[in-house]
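# A look at the structure
Listed below are the residues making up each chain.
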Amino acid sequence: MPVDPFLAPLLSQLPPFPDHIDDFEELRATEKAAGDVLAQQVAEPGPEVADVREDFVPVDGGSIKVRIYEPFGDGPHPVHLYLHGGGWIGGTIDSAAVDIVARERCVGAACVVVTAEYRKAPEHPYPTGFDDAYATLTWIAEHSGDLGVRPDAVTIGGGSAGANLAAAVALRARDENGPSIAFQLLEVPALDLTFGSASVTEYGQGYGLTEDAFRRIASYYLPDPSVASDPYVSPLKAASLAGLPPVHIMSSEYDPVRDDGERYARRLVEDGVDASFSLQAGHIHISSAFTKVMESARAWRAEAVATLKHVHDTVGATVD
């Protein structure tokens, strides 16, 4: 189908990615402010939850902030680790959009949601953000009692760069016999930073995220381009995907990383993993958040929340 009618006039108004960045902190602050304004305009507010609190996860070189959203009702609850997008260089758990997603999933899927302020490139290039994400998963597993969560019902997900990190964390947990992950929910995932998907070129101009911006953003995350084929950078490059937890992947129709999701789902099935793929018709890379103005964004949200709730309702037995 064509681009959603709401998005068509918006595409010409989206600011281009800057040709040169002198101050990444300033870029992040500007991006957050603009994103919060946009979220107020196009996103339905997140629902009330039982509690929101912060904690800190020890990582190599310090600690990172995590935010914990608790649902109503008696626990222990399932837990979902949500890793935000932002091209590995931006994004924050303090943004309105991330807060909304966390609240929606906390209430809709009746689970604790943990969001992690992993460190950003270029100050902290790969593997720092990836290591931070894995450290958060490990912290959740080690503190399940304190968090009031079920260690048998830990799921992981994210959007865009966050989905890349989530997929990579699942690979590492498999490879290192790490914490058990019951399920992955990957939205608009970037899974091949060698740019091997045809969609990088096919949808690389005119749909918000451009091929040029995608390549430059990746270069900040990977100052050494030779590591782009590392499976923890590009999960599509893993020799085998066997043994990974079940996955549901949601990709936008008009998106440079569209094919990454479909290719990954196909490979997962070939390697014996329970995987499904859903192409979100008419959408661009960022439009899943537009729940106030797009019926299809509300359908996207419903699909994501229902998927998580089904997993949480059916996996394992409730821990006493």
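Here the structure is a predicted model, which is why all the values come from computation and not from measurement. (Residues numbered from 1 in each chain as written. Predicted model: local features only at pLDDT ≥ 70, side-chain atom pairs only at ≥ 80, totals over all residues. Heavy atoms only, no water.)

## Examining the overall build of the protein chain
Spelled out, the test is: Strands are runs of DSSP state E lasting at least two residues, helices are runs of H or I lasting at least four, and both sets are numbered from the N terminus onward. Radius of gyration here uses only the C-alpha atoms, and the compact-globule reference equals 2.2 Å multiplied by the residue count raised to the power 0.38. Think of it in three bands: with a 1.4 Å probe and only protein chains considered, a residue is buried below 20% of the maximum accessible area for its type, exposed above 50%, and partly exposed in between. Throughout, a contact is declared for two residues whenever any of their heavy atoms are within 4.5 Å.
Scanning the protein chain for helices and strands turns up 10 helices and 8 strands. Its C-alpha atoms give the protein chain a radius of gyration of 18 Å, within 12% of the compact-globule value 20 Å for 320 residues. The buried share of the protein chain, reckoned over its 320 residues, is 54%. Put simply, 80% of the contacts in the protein chain that link residues at least 6 apart link residues at least 24 apart.

## Focus: the sheet that holds strand S1 (residues 51–59)
Rules: At least two DSSP bridges between two strands are required for those strands to pair. Comment: axis = line fitted to C-alpha atoms, over the contacting stretch for helices; angle = value between 0 and 180 degrees taken between N-to-C directions.
On the basis of which strands lie adjacent, the open sheet formed by 8 strands has the order S1-S2-S4-S3-S5-S6-S7-S8 and mixed pairing. Of all strands in the sheet, those bounded by a partner on one side alone are S1 and strand S8 (275–284). Across this sheet, the average inter-strand angle for adjacent strands is 20°, counted without regard to direction. Direction of pairing for strand S5 (residues 149–159) relative to strand S6 (residues 183–187): parallel, over a ladder of 5 bridges. Counted as the bridge partner of Thr 155 is Phe 183 from S6. Along the sheet face, helix H6 (residues 161–175) touches strand S3 (77–83), S5 and S6 and points at about 140° away from the line of S5.

## Observations concerning the state of the cysteines
Two cysteines whose sulfur atoms are joined by a covalent bond form what is called a disulfide. Quick note on the threshold: When the sulfur atoms of two cysteines come within 2.5 Å, that pair is taken as a disulfide.
Scanning the entire structure with this criterion turns up 0 disulfides. Take Cys 106: it sits in no disulfide, and the sulfur closest to it among the cysteines is that of Cys 111, at 6.2 Å.

## Comments concerning the nonpolar core
Applied cut-off: In these notes, a set of buried Ala, Val, Leu, Ile, Met, Phe, Trp, Tyr and Cys residues joined through side-chain atoms within 4.5 Å is what counts as a nonpolar core.
Ranked by size, the top nonpolar core spans 69 residues in total, and within it Leu 83, Trp 88, Phe 214, Tyr 221, Tyr 264 and Leu 268 carry the most contacts. In terms of residues, this core owes the most to one element, H6, which gives 10 residues. When near neighbours in sequence (up to four residues on either side) are disregarded, Trp 88 contacts Lys 120, Ala 121, Ala 161, Asn 164, Leu 165, Ala 190, Leu 193, Phe 214, Ile 217 and Tyr 221. Val 49, Tyr 69, Ala 109 and Val 188 belong to the second largest nonpolar core, which has 18 residues in total.

## Focus on the pattern of salt bridges
Selection rule: Every case where a carboxyl oxygen of Asp or Glu lies within 4 Å of a side-chain nitrogen of Lys or Arg is listed as a salt bridge.
In this structure the tally under the stated criterion is 23 salt bridges. Residue Asp 212 is joined to Arg 216 by a salt bridge in which the shortest nitrogen-to-oxygen separation is 3.0 Å. With a gap of 4 residues between them, Asp 212 and Arg 216 both fall in helix H8 (residues 211–221), about one helical turn apart. Assessed through its relative accessible area of 18%, Arg 216 is described here as buried.

## A short note on the packing of aromatic side chains
We apply this condition: Pairing of aromatic side chains here covers Phe, Tyr and the six-membered ring of Trp, requires ring centres within 6.5 Å, and sorts the geometry by plane angle: under 30 degrees stacked, over 60 edge-to-face, intermediate tilted.
Inspection of every chain in the model, using the stated rule, returns 10 aromatic pairs. Each ring, one from Tyr 126 and one from Tyr 221, has its centre 5.8 Å from the other, and the planes form 75°; the classification is edge-to-face. Within this pair, whereas Tyr 126 is found in the loop between strand S4 (112–116) and helix H4 (128–142), its partner Tyr 221 is found in helix H8, the two being separated by 95 residues in sequence. An aromatic cluster of at least three residues, connected via ring pairs, comprises Trp 88, Tyr 126, Phe 130, Tyr 221 and Tyr 232.

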